[in-house]
Number of protein chains: 2
Amino acid sequence: MTHNFDDALALESLGDGKYRGRTSAPFNNMVGPFGGLTAALLVRAVELHPDRHGDPLTVTVNFAGPIAEGDFEISTRAVRTNRSNQHWYLELHQNGTIATTATAVFGTRRDTWDSDEAVRPDVPGPDGIDPIDFPTMIAWAANYEMRYLAGALTETEAVDSVGQVWIRDRPPRPLDFASLTSLSDTFYPRVFQRRGKYLSAGTISLTVHFFATAEDLAAQGDDFLLATAHARRFHRGYHDQTAELWSTAGTLLATGHQLVYYKD
Amino acid sequence: MTHNFDDALALESLGDGKYRGRTSAPFNNMVGPFGGLTAALLVRAVELHPDRHGDPLTVTVNFAGPIAEGDFEISTRAVRTNRSNQHWYLELHQNGTIATTATAVFGTRRDTWDSDEAVRPDVPGPDGIDPIDFPTMIAWAANYEMRYLAGALTETEAVDSVGQVWIRDRPPRPLDFASLTSLSDTFYPRVFQRRGKYLSAGTISLTVHFFATAEDLAAQGDDFLLATAHARRFHRGYHDQTAELWSTAGTLLATGHQLVYYKD
């Protein structure tokens, strides 16, 4: 038995940096696939490339158009390879149309002076909190166990956009760069929370900064992450949101910075 | 008499979405040109493109390699144009080598429910604060009037990476999207502040989210912005930093999210 996330991440190499994938019903969003999965597929495509050098440092995914159910193709190109890092340009095509573009920087790491300046919010652990189920029209959410501390969607307007949730794959799955990428996108548009309702909204652009090394991922295993999010400004059709993903032990594994369109 | 920034931004159209520029000594950094200028040039190249649709919503610039003094070429490609937004892929070439890649999303805006959720820090205005000059090896800094409230570089280690500065072009110049882009990169690497020294460090990737509309830029004019910055984690050769750029009137005009490499 395989994991839904691994099924959805499956890519077939077509040679020349091209990979074929297929949309996966368990990861559908209200319209098309969950953006976090699309971002994870792009990271995975680079990981599969035989010339790949190092681990992900950052990826920016621009959601240019809808992805229809069925096959898609990801093209990867190593634009420039330096001694310690490598720059990629990626496109997701479907029937000759570009649906998604991305850039990624992969690289190797070295021992340096380090500092965990930001501190994880001091919140209760996940054990005493009931998991929340999303409406079934948001199929992908069933692949995550989410225990909300703040920002669970209600039908009333919220005074702020702050979200805090203990989250992990359901069923649990050891954390890797692809799943960390996907987890960075699991906060619904902050405008839903502020307005207390679903409305037409979606991520236009997602930038993930990776702090985690392979050792950090192994240390985390399949335990809960603490994910936090907030938006700064909702202005004439677009708002931002920044997510922080913290390990169970309290270190920052990744951040996700989004630009989201909305109609309201 | 023209402004240094306009001189440095000058691009000659070569047709087919290609533009030729030239490095500008007043915008040199310790090694190569100031990254904020490079980001601004990429935004400007799209602005000059006859097919450009709307204003900048977000740009991600990946600094893949050094730019040598002299001519360079920017290639722009509208990957996909939708009704309300347009997705771009950009490269900066020099002598056949790719030095910089970028993606950008431009778009039009609509009237919506809006909210300024984040609030500008409550700090004294710029009038009573002495401007700071950077060492002459950081030539570009002379193009900015910087009045530091917090985080001016000293030779002692700082307990945090927080920076706060009133900043504008020197001499003053009406704000536009290109200069807003450049301003988002005017914080030196936060590791300098933490360590109280210059060391080998540089931006790998810069993502700017634009909240400002053309009307917001016109309202700001050439007055001081309040820029704030902080880093979350310094870990095995890379740290992040997030900058917020606030108008004189207190609205958020843009954010910049960076990944910075360092050796220490």
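Counting from 1, residues in each chain are numbered in the order their sequence is written. The order in which chains are written sets their letters, starting at A; the order in which ligands are written sets their numbers, starting at 1. Only residues with pLDDT of at least 70 are given local features in this predicted model, and only at 80 or more are side-chain atom pairs given and counted; all residues enter the totals for whole chains, interfaces and linings. To get the side-chain values, take all heavy atoms of the structure and skip hydrogens and water.

## Details of the side chain of E47(A)
By definition, any uninterrupted DSSP run of H or I lasting at least four residues is a helix, any uninterrupted run of E lasting at least two residues is a strand, and each is numbered from the N terminus. Relative to the elements of secondary structure, E47(A) occurs in helix α2 (residues 35-48). Discounting chain neighbours no more than four positions away, the residues touching E47(A) are R52(A), P56(A), F106(A) and F177(A). Should any heavy atoms of two residues lie within 4.5 Å, those residues are considered in contact.

## Quick look at the pairing of strand β2 (residues 18-22) of chain A
Residue and element names in this part refer to chain A. Every second residue of β2 is oriented toward a common face, the buried set being Y19 and G21 and the non-buried set K18, R20 and R22. A pair of strands counts as paired when DSSP detects no fewer than two bridges linking them. Bridge count between strand β1 (residues 12-15) and β2: three bridges; the pairing is antiparallel. When the bridges of β2 are listed, S13 appears paired with Y19. In sequence, β1 turns back onto β2 through a hairpin of two residues, with D16 there showing a positive phi of about 60 degrees. Each residue is placed in one exposure class: buried if its accessible area under a 1.4 Å probe, protein chains only, is under 20% of its type's maximum, exposed if it is over 50%, and partly exposed if it falls in between.

## A word on the UniProt feature "domain: Acyl-CoA thioesterase-like C-terminal" (unreviewed entry) in chain A
The feature "domain: Acyl-CoA thioesterase-like C-terminal" (unreviewed entry), as annotated in UniProt, sits at residues 127-261 of chain A in this numbering. In residues 127-261 of chain A, the share of helix is 15% and the share of strand is 39%. The end C-alpha atoms are 35 Å apart. UniProt positions are given in the numbering used here, feature names are shortened, and annotations may be inferred rather than shown by experiment.

## What about the packing of aromatic side chains?
Aromatic pairs are defined between Phe, Tyr and Trp rings, using the six-membered ring for Trp, whenever the two ring centres lie within 6.5 Å; interplanar angles under 30 degrees are classed as stacked, those over 60 as edge-to-face, and all others as tilted. For the structure on display, the rule yields 23 aromatic pairs over all chains. Between W140(A) and Y144(A) the ring centres are 6.0 Å apart and the planes differ by 70 degrees, which places this aromatic pair in the edge-to-face class. Here W140(A) falls in the buried class, since its relative accessible area comes to 4%. With a centroid separation of 6.4 Å and 65 degrees between ring planes, the pair formed by F34(B) and Y144(B) is classed as edge-to-face. Taken together, the positions of F34(B) in the loop between β2 (18-22) and α2 (35-48) and Y144(B) in strand β8 (residues 144-150) put the pair 110 residues apart, joining distant regions of the chain.

## Examining the interface of chain B and chain A
Facing the 69 residues of chain B at the interface are 69 residues of chain A. Buried area: the accessible surface (1.4 Å probe) lost by two parts on joining, summed over both. In total, about 6300 Å² of surface goes out of reach between chain B and chain A, with carbon and sulfur atoms giving 51% of it. When the buried area of chain B at its contact with chain A is split by residue, W113(B), R232(B) and R236(B) rank highest and sum to 14% of it. The rule for a salt bridge is simple: a side-chain nitrogen of Lys or Arg has to be within 4 Å of a carboxyl oxygen of Asp or Glu. Put simply, chain B and chain A have twelve salt bridges between them. In this structure, E91(A) and R77(B) form a salt bridge, with 3.0 Å as the shortest nitrogen-oxygen distance. As used in this structure description, the phrase polar contact means that two N or O atoms lie within 3.5 Å; if the pair is within protein, one of them must be able to donate a hydrogen and the other to accept it, and residues adjacent in sequence are counted only when both atoms belong to side chains. Where chain B packs against chain A, one counts 56 residue pairs in polar contact (both at pLDDT 80 or more). When the residues that make up the side of chain B that touches chain A are grouped by side-chain class, the tally is 21 nonpolar, 26 polar and 22 charged. Sheet topology places strand β12 (residues 233-235) of chain A next to strand β7 (residues 115-116) of chain B; two bridges connect them, and they run antiparallel. From the neighbouring strand, R233(A) faces β7(B), where its bridge partner is D116(B). We call Asp, Glu, Lys and Arg charged. Ala, Val, Leu, Ile, Met, Phe, Trp, Tyr, Cys and Pro are nonpolar, and the rest, Gly among them, are polar.

## Focus: the UniProt feature "domain: Acyl-CoA thioesterase-like N-terminal HotDog" (unreviewed entry) in chain A
The positions UniProt marks with the feature "domain: Acyl-CoA thioesterase-like N-terminal HotDog" (unreviewed entry) are residues 30-107 of chain A. Within residues 30-107 of chain A, the helical portion is 18% and the strand portion 53%, while the C-alpha atoms at the span's ends are 35 Å from each other.

## Focus: a nonpolar patch on the surface
Residue and element names in this part refer to chain A. To count toward a patch, a residue needs a relative accessible area over 30% and no salt bridge; like charges are then connected within 9 Å, while nonpolar side chains (Val, Leu, Ile, Met, Phe, Trp, Tyr) are connected within 5 Å. Each accessible area value is a Shrake-Rupley result obtained with a 1.4 Å probe; residue values ignore everything except the protein chains displayed when judging cover. On the surface, a cluster of nonpolar side chains totalling about 400 Å² of accessible area is made up of M30, V31, M137 and Y198. Residue position: Y198 is located in the loop between α4 (190-195) and β10 (201-210). Exposure remark for Y198: the relative accessible area of 31% places this residue in the partly exposed category.

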